[in-house]
Amino acid sequence: AKKGGGPVGRAGVVSLPCHSVWKLPNNVPLSHCANLGRNYFAAYHSLKILGDVKRDDLVLIDGASGGVGMAAIELAKAMGAKVIAGVST
């Protein structure tokens, strides 16, 4: 947190590199995308940035029934990877 208190992480305007943002499709309302960062960004970072997943890679997703796990399944399949998913009861 910022010294001296006050709001942290909120701004009216931000500046980001273009590779850090995605264009929202016209048919998807902004309200449906407000929480994408929680699951999809974490899954994408793990699969692509850390794991460098490519077509025909075999990906094991443990905890696949949770939000990040389900996002990881969708993203890995979209990347052309083969997916093995693990869940618990």
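Predicted model, so just to flag it, every value in this text is computed and none were measured.

Q: I keep staring at the pairing of strand β1 (residues 58–62) and nothing clicks. Help me out?
A: Covered by surrounding structure in β1 are Val59 and Ile61 only, the residues Leu58, Leu60 and Asp62 on the alternate face being uncovered. In terms of strand pairing, β1 meets strand β2 (residues 82–86) through 5 bridges, oriented parallel. The partner of leucine 58 across the bridge, within β2, is lysine 82. Crossover connection from β1 via helix α2 (residues 67–78) to parallel β2: handedness right-handed.

Q: Where do I start with the pattern of salt bridges in this structure?
A: Any two side chains of opposite charge can pair, given that their charged atoms come close. Tallied over the full model, the rule gives 2 salt bridges. When the shortest N-O distance is used, the salt bridge between aspartate 52 and lysine 54 registers 2.6 Å. Two residues, lysine 82 and aspartate 56, come together in a salt bridge whose shortest N-O distance is 4.0 Å. Residue lysine 82 is located in strand β2, and its partner aspartate 56 is located in the loop between α1 (36–50) and β1; the two are separated by 26 residues in the primary sequence. With relative accessibility at 52%, the residue aspartate 56 sits in the exposed group.

Q: Got a minute to help me understand the environment of cysteine 33 in this structure?
A: Tracing the backbone through its elements, the reader meets cysteine 33 in the segment before α1. Look at cysteine 33 and you get buried, because its relative accessible area is 17%. In contact with cysteine 33, not counting residues within four places along its chain, are Leu24 and Val28.

Q: Looking at this model, I keep getting lost on α2. Mind explaining?
A: Between its first and last C-alpha, α2 extends 17 Å over 12 residues, near the 16 Å set by a 1.5 Å rise per residue. In this fold, the buried residues of α2 make contact with α1, β1 and β2. Directly after α2, the chain includes glycine 80, whose backbone phi takes a positive value near 90°.

What counts, and at which threshold
- Residues numbered from 1 in each chain as written.
- Predicted model: local features only at pLDDT ≥ 70, side-chain atom pairs only at ≥ 80, totals over all residues.
- Heavy atoms only, no water.
- Buried < 20%, exposed > 50% of the residue type's maximum accessible area, 1.4 Å probe, protein only.
- Helix = DSSP H or I, 4+ residues; strand = E, 2+ residues; numbered from the N terminus.
- Pairing = 2+ DSSP bridges.
- Right-handed = clockwise from strand over helix to strand, strands pointing away.
- Salt bridge = Lys/Arg side-chain N within 4 Å of Asp/Glu carboxyl O.
- Contact = heavy atoms within 4.5 Å.
- Expected span 1.5 Å × (residues − 1).

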